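Structural description and commentary
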Amino acid sequence: MVRDARRTLDGALAGAGVAQDCRDDIRLALTEACGNVVSHASLASNYHIEVTVDESECVIEVTDDGGGFDPGLVAAVAAEEPATEPVRLRENGRGLHVLAAVVERLDVVSVEDTGTLVRFSKHLTWDPSGRE
């Protein structure tokens, strides 16, 4: 499902004239958001992706029904990295950090016994040769 969502969204944004580097960031962010659900929402039976695009911004919401989690634990995992280590992130716990690095806004809302919402937005840049 993640691969299909990425391809569909990328095709629509390309057709609208969104620049390649902007689409790359959006694809990466969508992959990380969905990967977070698949990896960490062990109680989730399914998830939903909603995309809203206007003239200047793409907003994506990924929701699951997995019972929620503590978003503060993500920061705790990153803080455990020893300061003497080179700039390297652990294999686990870096998805939201990667996502935050490529978007302008990231919200993670977790509600116990309900699920998690990952919402992010990216300012759109346009390919001058692709817009009329």
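Structure's up top.
Residues numbered from 1 in each chain as written. Predicted model: local features only at pLDDT ≥ 70, side-chain atom pairs only at ≥ 80, totals over all residues. Heavy atoms only, no water.

Re the nonpolar core
In terms of nonpolar packing, the biggest core is built from 24 residues, with Ile26, Leu30, Ile49, Ile60, Val62, Leu99 and Phe120 touching the most fellow members. When residues of this core are traced back to their parent elements, those giving at least two are helix H1 (2–16), helix H2 (20–40), strand S1 (47–53), strand S2 (57–64), helix H4 (95–102) and strand S4 (115–123). Broken down by element, the residue count for this core peaks at 7 residues, all from H2. Leave out the neighbours within four places in its chain, and Ile49 touches Met1, Ala5, Leu30, Cys34, Ile60, Glu61 and Val62. (Core = buried A, V, L, I, M, F, W, Y, C linked by side-chain atoms within 4.5 Å. Buried < 20%, exposed > 50% of the residue type's maximum accessible area, 1.4 Å probe, protein only. Helix = DSSP H or I, 4+ residues; strand = E, 2+ residues; numbered from the N terminus. Contact = heavy atoms within 4.5 Å.)

Structural notes on the pairing of S4
Among the 9 residues in S4, 7 count as buried, and that is most of the element. As paired elements, S2 and S4 share 7 bridges and run antiparallel to each other. When the sheet's bridge partners are listed, Ile60 is paired in S4 with Phe120. (Pairing = 2+ DSSP bridges.)

Points about H4
Every buried residue of H4 is listed here: Gly95, Leu96, Leu99 and Val102. Down the axis of H4, the sector holding all buried residues measures 130°, keeping them to one side. (Arc of directions from axis to C-beta.)

Structural notes on H1
The end-to-end C-alpha distance of H1, which contains 15 residues, comes to 21 Å, matching closely the 21 Å that a straight helix rising 1.5 Å per residue would cover. Regarding H1, the residues found buried are Val2, Ala5, Leu9, Asp10 and Leu13. What you see down the axis of H1 is that its buried residues fit within an arc of 120°, all on one side. The outward face of H1, more than 90 degrees from its buried face, is lined by the exposed residues Arg7, Thr8, Ala12 and Gly15. (Expected span 1.5 Å × (residues − 1).)

What to know about the state of the cysteines
Tallied over the entire structure, the rule returns 0 disulfides. With no disulfide of its own, Cys22 lies 7.8 Å from the sulfur of Cys58, the closest cysteine sulfur. Here Cys58 falls in the buried class, since its relative accessible area comes to 1%. (Disulfide = S-S within 2.5 Å.)

Here we look at the pairing of S2
Burial of S2 is one-sided: the residues Cys58, Ile60, Val62 and Asp64 facing one way are buried, the residues Glu57, Val59, Glu61 and Thr63 facing the other way are not. Here S1 pairs with S2 via 7 bridges, running antiparallel. When the sheet's bridge partners are listed, Ile49 is paired in S2 with Val62. Where S1 folds back onto S2 in an antiparallel hairpin, the turn is made up of 3 residues.

Examining the environment of Leu28
With respect to the helices and strands, Leu28 occurs in helix H2. The sequence separation of Leu28 and Arg6 amounts to 22 residues, and the corresponding C-alpha distance is 8.7 Å. For Leu28, the contacting residues outside a window of four places in its chain are Val98 and Val102.

Structural notes on the side chain of Asp107
Residue placement: Asp107 occurs in strand S3 (residues 105–111). According to the relative accessible area criterion, Asp107 is buried, its value standing at 18%. Within the structure, the side chain of Asp107 is placed 2.8 Å from the side chain of Arg105, a separation counted as a polar contact. Beyond its immediate stretch of four places on either side in the chain, Asp107 contacts Leu117, Val118 and Arg119. (Polar contact = N/O pair within 3.5 Å; in protein donor to acceptor, adjacent residues only side chain to side chain.)

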